[in-house]
6 protein chains.
Amino acid sequence: MKRGLFIGRFQPPHLGHLYAIKSALSKSDELIIVVGSAQYSHTFENPFTAGERIEMLRLALIEEGIDLSKIFLIPVPDIGEHSIWVSKVKSFCPSFDVVYTNNSLVRRLFEEEGFPVESTGLYRRDLEMGTAIRERMLRGEPWENLVPKSVAEYIKRIKGVERLREICRKTD
Amino acid sequence: MKRGLFIGRFQPPHLGHLYAIKSALSKSDELIIVVGSAQYSHTFENPFTAGERIEMLRLALIEEGIDLSKIFLIPVPDIGEHSIWVSKVKSFCPSFDVVYTNNSLVRRLFEEEGFPVESTGLYRRDLEMGTAIRERMLRGEPWENLVPKSVAEYIKRIKGVERLREICRKTD
Amino acid sequence: MKRGLFIGRFQPPHLGHLYAIKSALSKSDELIIVVGSAQYSHTFENPFTAGERIEMLRLALIEEGIDLSKIFLIPVPDIGEHSIWVSKVKSFCPSFDVVYTNNSLVRRLFEEEGFPVESTGLYRRDLEMGTAIRERMLRGEPWENLVPKSVAEYIKRIKGVERLREICRKTD
Amino acid sequence: MKRGLFIGRFQPPHLGHLYAIKSALSKSDELIIVVGSAQYSHTFENPFTAGERIEMLRLALIEEGIDLSKIFLIPVPDIGEHSIWVSKVKSFCPSFDVVYTNNSLVRRLFEEEGFPVESTGLYRRDLEMGTAIRERMLRGEPWENLVPKSVAEYIKRIKGVERLREICRKTD
Amino acid sequence: MKRGLFIGRFQPPHLGHLYAIKSALSKSDELIIVVGSAQYSHTFENPFTAGERIEMLRLALIEEGIDLSKIFLIPVPDIGEHSIWVSKVKSFCPSFDVVYTNNSLVRRLFEEEGFPVESTGLYRRDLEMGTAIRERMLRGEPWENLVPKSVAEYIKRIKGVERLREICRKTD
Amino acid sequence: MKRGLFIGRFQPPHLGHLYAIKSALSKSDELIIVVGSAQYSHTFENPFTAGERIEMLRLALIEEGIDLSKIFLIPVPDIGEHSIWVSKVKSFCPSFDVVYTNNSLVRRLFEEEGFPVESTGLYRRDLEMGTAIRERMLRGEPWENLVPKSVAEYIKRIKGVERLREICRKTD
């Protein structure tokens, strides 16, 4: 039994995340998906709450036909101190054997604590895909094709694009 | 579709919790199980980490034959300020329609924020069952019959009773 | 122009507080009333929110005929570190010349930072009057005669005694 | 009896704030003025402490002939988590019926918690007036005409412009 | 080159601590002395600030003839979360090879993170010697013979016993 | 006996720091060196942990032939609130008589609390030398001549340049 860990902010969950999750699941029996920066919401970087992101991830996993019983969805708050963040993740999560990430800071931090880290491969060139999606939302450009269908529907149901625009409108 | 929320510290998950969870599931379609005081561990009140408690809960749910796809297991840290704790729970969890609890402070806090709260009924007289279990562990008395079989096995595998005794040994 | 500072938790504001406030006002032109432990509520020690305590204090000051334009009502959160608490108070409050207190820890902390500290004299034997009031509320004994009339009415209006009893009911 | 809530950082209080406060007072009987980001000071964004801002606001209200007995001046610290900030404001403030703001993020957060939110109208084009004032202070340009006379005098008395320049001087 | 780590709260540094430090130094080349609970002061449990404790430790080491160039004195704040505390210690301290402690919780936490832990042996029966000293101070009983001479002198110079009594005087 | 205090982030300790430390030691008998922003690491601004910075400082002091028994090396965490930061420093450090700094914000904050502050003089034009060193590391340019030899060796031994590059690689 091998259990992996995959970390993201999922603002929102997109096709690059799904690609990485499936890649990780192909290499391990169970997968912990950490929803990072869990306490943040209502900003450009983090428009959605941890609860909304967990709900979107679950919809996306179901849409993708992934067996939920192999998945843990765990929100982990940021603590702003990189040197103790891996300990925080370990404390909030069931034990795991390997970390999957394409982020070099995450890789570095887990490697310094002795964890094996593997890359998940990239979905097209999906670095910064989350940022690109939020910028498209702001500019009124199409973004729906970059996320699972169920995620796009959820965002529309909770009027997520409107929220993003309102919280980014410059005032004060 | 009705989604409920059930909150506990699960130190460790015991038969009273399972009774309440099954009661809650009989009245709603999906259930969010909040693992409270998530940041604490290695004390008498909270010997196990949030990750260990999530792992034990999952084992117990599987043992009980509960469909995991209807369950969210969410760790939520304490913030020490009761007046904003409900907001914190709302932020970490997917949306929910009703709260199940037998704890009068939890009931009070959610009712003040406008949530419907229902009691789950008591398993025998299970108030303080968690405390009773930890005290039995300390004194070397039998405790295994108060928790699901898979939970007892897990605690033995991670040497949880030894941990509890060491962290409670008075030294300074 | 001399401005004093008086600190309490005001759980709830009682006749001893009013006595001390009037004593302080007789010795200075303006008075800052700090509502301490501002972030806490819904516990036996701190049943009321900072906002509720400010509202009760204002009612009591008006009942007492005290000129509100001479008063600052300032909530200050606890930070759990005594050595920097005086700095926190200074940061949240307009400048002040003297501290009025009967509490020997508060006296000590302000004196170590170089502030003059004066005693306000005691209303009968009012040490622990706040604790006594809350215990009477719990036991169903009369408490109304220990607080200003407007405070008693406010507590009844928000069902404060019921809240205190619910949050203190032992359940785990 | 209708009580409103108005939120600002007041770095420093300026004519746009006064315009909004008078507008809010014309529509409600009492007004809570929340001094936000209360814990910050000695930066370009927040040069003044909460205590100094409260003192300036009080001077401005008196200068304007506003009845202080209708006003609550409440410092509220930032907590960096938008989803629980409204709860924090509710906890620190007496109860209120309506929120007055021109800031779209504040509007959004209070509306999501079910509060009615009204705009206060704009004083000329007062968005960013606080920033403009601080930039003028740094560059040695006139700023006094953008704040109440008593506020300008207070800032000069505490040598606020000198502070702003020192804390913004690039060194390290 | 072997570097050890020894942790205490040093409220105040006493003969038991010195015994342990010398024992640890006899087994390693350099020693990191962590002053724990660094942010606390002015309570019965933690009357002295971290800075005062560091000053007392230095006096005691000099009195004892210990070479200061082999010693690191490092204050480390408590974070209230046992599962990440070892990471916090690692982050604040130079690297170390072994932990010396007689405290079973400290032993447990470092062992779970893979550090070798050794006992220092007990000076007479010095468990709780810190508590005993503070209680003697409160009751006006002799305590000076339980601490190094230079520590007793320092405590008298800063009027530490008077502080302890004032902060423990019950007033509310 | 005159004791000075010198504050830096020491990311990493460089020749400008050493120049200032020697200047400060020429004017006082003992020197407290505060390692600021102690909780941060693994970012461009703060790549090294407090423990690593303390270790590098100690190597540099030894290399420079400075008597370690006159030096205190104290990590102090940032609290993000300038108005109480001086209190935090006072709490973590032994008492001191004078502050040495070239930073105008540090100067301002200590002067507001009544401390004498002196400049240390500048080593060539060493403002921002820390930033310059880190930028050179990133770009693969020579940086070793800007730090003490022992510091350069230490950074190479722990592969500090590799760390800096990995944590700064842009990935999302």
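### Remarks on the relation of the copies chain E and chain A
If you rotate chain E by 180° and push it 0.0 Å along the axis, it lands on chain A with an RMSD of 0.0 Å. These values place the two chain copies in the arrangement generated by a two-fold rotation axis. By residue overlap, the copies meet face to face through one surface: 100% of the interface positions of chain E are interface positions in chain A.

### Some thoughts on the interface of chain C and chain D
With 24 residues of chain C in contact, the opposing surface of chain D contributes 24 residues. Summed over both sides, the interface of chain C with chain D buries roughly 1,800 Å², with 57% coming from carbon and sulfur. When the area that chain C buries against chain D is broken down by residue, the three leading residues are Glu55(C), Arg58(C) and Phe92(C), summing to 30%. Summed over the shared surface of chain C and chain D, the number is four salt bridges. Two residues, Glu55(D) and Arg3(C), come together in a salt bridge whose shortest N-O distance is 2.6 Å. Across the chain C-chain D interface, the total number found is ten residue pairs in polar contact (both at pLDDT 80 or more). Listing elements by their share of the side of chain C that touches chain D, those giving two or more residues are helix 2 (50–63), strand 3 (71–75) and helix 3 (82–92) of chain C. In terms of residue count, helix 2 of chain C provides more of the side of chain C that touches chain D than any other element does, five residues in total. In the side of chain C that touches chain D, the residues fall into twelve nonpolar, six polar and six charged.

### Thoughts on the relation of the copies chain C and chain D
When chain C is fitted to chain D, the best match, at an RMSD of 0.0 Å, comes from turning it 180° and sliding it 0.0 Å along the axis. Of the interface residues in chain C, 100% have counterparts in chain D that sit at the interface too, so the contact is made through matching surfaces.

### Details of the packing of helix 5 (residues 129–139) of chain B against helix 7 (residues 160–168) of chain B
All names here are of chain B. Running from amino to carboxyl end, helix 5 crosses helix 7 at an angle of 85°, the nearest separation of the two axes being 9 Å. The angle between helix 5 and helix 7 places the two elements in the roughly perpendicular class. Residues Arg134, Met137 and Leu138 of helix 5 touch helix 7, and the partners they reach there are Val161, Leu164, Arg165 and Cys168.

### Quick word on the sheet that holds strand 2 (residues 30–35) of chain B
All names here are of chain B. Taken together, five strands build an open sheet; the order of strands is 3-2-1-4-5 and the sheet is parallel. Looking along the sheet, the strands with just one partner apiece sit at the ends: strand 3 (71–75) and strand 5 (117–118). Of the strand pairs in this sheet, strand 4 (residues 98–100) and strand 5 are connected by two bridges, and their pairing is parallel. Residue pairing for strand 5: Tyr100 is matched across the bridge by Glu118.

### Describing the packing of aromatic side chains
All names here are of chain D. Counted according to the given criterion, the structure contains 30 aromatic pairs over all chains. Ring geometry for Phe96 and Phe110: centres 6.2 Å apart, planes at 75°, overall edge-to-face. One end of the pair, Phe96, is in the loop between helix 3 (82–92) and strand 4 (98–100); the other, Phe110, is in helix 4 (residues 104–112), and 14 residues separate them in sequence. Considered together, Phe96 and Phe110 belong to a single accessibility category, that of buried residues. When the ring centre of Phe44 is taken as origin, the NZ or CZ atom of Arg134, which lies over that ring, is 4.9 Å away.

### A word on the pattern of salt bridges
Scanning the entire structure with this criterion turns up 104 salt bridges over all chains. The salt bridge partner of Glu118(B) is Lys27(B), with a shortest N-O separation of 3.6 Å. Separated by 91 residues along the polypeptide, Glu118(B) in strand 5 and Lys27(B) in helix 1 (residues 15–27) bring together distant segments of the chain. Relative accessible area serves as the criterion here: at 27%, Glu118(B) is assigned to the partly exposed category. Among the ionic pairs, Glu30(C) bridges to Arg3(C), the shortest N-O distance being 2.9 Å. Here the residue Glu30(C) occupies a position in strand 2 (residues 30–35), and Arg3(C) occupies one in strand 1 (residues 3–8), the gap between them amounting to 27 residues. For the residue pair Glu30(C) and Arg3(C), the accessibility class agrees, reading buried in each case.

### Details of the interface of chain E and chain A
Counting from both sides, the interface comprises eight residues of chain E and, opposite them, eight residues of chain A. Between chain E and chain A the total buried area reaches about 720 Å² when both faces are included, carbon and sulfur atoms providing 40% of it. Per-residue buried area on chain E facing chain A is highest for Ile84(E), Ser87(E) and Lys88(E); these three make up 52% of the total on that side. Connecting chain E to chain A are four salt bridges. The partner of Glu113(A) in a salt bridge is Lys90(E), with the nearest N and O atoms 3.3 Å apart. Taken together, the connections running from chain E to chain A amount to seven residue pairs in polar contact (both at pLDDT 80 or more). Here the side of chain E that touches chain A is built from residues that sort into one nonpolar, three polar and four charged.

### Looking at the pairing of strand 1 (residues 3–8) of chain E
All names here are of chain E. With respect to burial, strand 1 is a largely interior element, six of its six residues being buried. Every second residue of strand 1 is oriented toward a common face, with Arg3, Leu5 and Ile7 on one face and Gly4, Phe6 and Gly8 on the other, all of them buried. Bridge count for strand 1 against strand 4 (residues 98–100) is three bridges, and the pairing is parallel. Of the residues in strand 4, the one forming a bridge with Gly4 is Val98.

Rules of the game
- Chains are numbered independently. Their residues run from 1 in the order of the written sequence.
- Labels are handed out in written order, letters beginning with A for the chains and numbers beginning with 1 for the ligands.
- Whole-chain, interface and lining totals are the exception, using all residues; otherwise, since this is a predicted model, local features are given only for residues with pLDDT of at least 70 and side-chain atom pairs are given and counted only at 80 or more.
- Side-chain figures throughout are based on the complete set of non-hydrogen atoms in the structure, without hydrogens or water.
- Copy-to-copy alignment: least squares on C-alpha atoms, limited to residues at pLDDT 70 or above in both.
- Residue contacts are defined here by distance: any two heavy atoms, one from each residue, within 4.5 Å place the two residues in contact.
- Here the quantity called buried area is the total loss of accessible area, with a 1.4 Å probe, experienced by two parts when brought into contact, counted for both.
- We define a salt bridge as a contact between a side-chain nitrogen of Lys or Arg and a carboxyl oxygen of Asp or Glu at a distance within 4 Å.
- For this analysis, a polar contact is any N or O atom pair within 3.5 Å, provided that within protein one partner can donate a hydrogen and the other can accept it, and provided that sequence-adjacent residues contribute only side-chain to side-chain pairs.
- Each helix is a run of DSSP H or I of at least 4 residues and each strand a run of E of at least 2, with the numbering of both proceeding from the N terminus.
- Put simply, Ala, Val, Leu, Ile, Met, Phe, Trp, Tyr, Cys and Pro go in the nonpolar bin, Asp, Glu, Lys and Arg in the charged bin, and everything else, Gly too, in the polar bin.
- The angle between two axes is taken between their N-to-C directions and runs from 0 to 180 degrees, where each axis is a line fitted to C-alpha atoms and a helix contributes only its stretch in contact.
- Under this scheme an angle from 65 to 115 degrees is roughly perpendicular, one under 35 degrees roughly parallel, and one over 145 degrees roughly antiparallel; angles in between are oblique.
- Pairing between two strands is assigned when DSSP locates at least 2 bridges connecting them.
- Each aromatic pair joins two rings of Phe, Tyr and Trp (for Trp, the six-membered one) with centres within 6.5 Å, and gets the label stacked for planes under 30 degrees apart, edge-to-face for over 60, and tilted for any other angle.
- Here the term buried applies to any residue with accessible area under 20% of the maximum for its type, exposed to any over 50%, and partly exposed to those in between, with areas from a 1.4 Å probe on protein chains only.
- Only when the NZ of Lys or the CZ of Arg is both within 6 Å of the ring centre and within 35 degrees of the ring normal is a charge said to sit over the ring.

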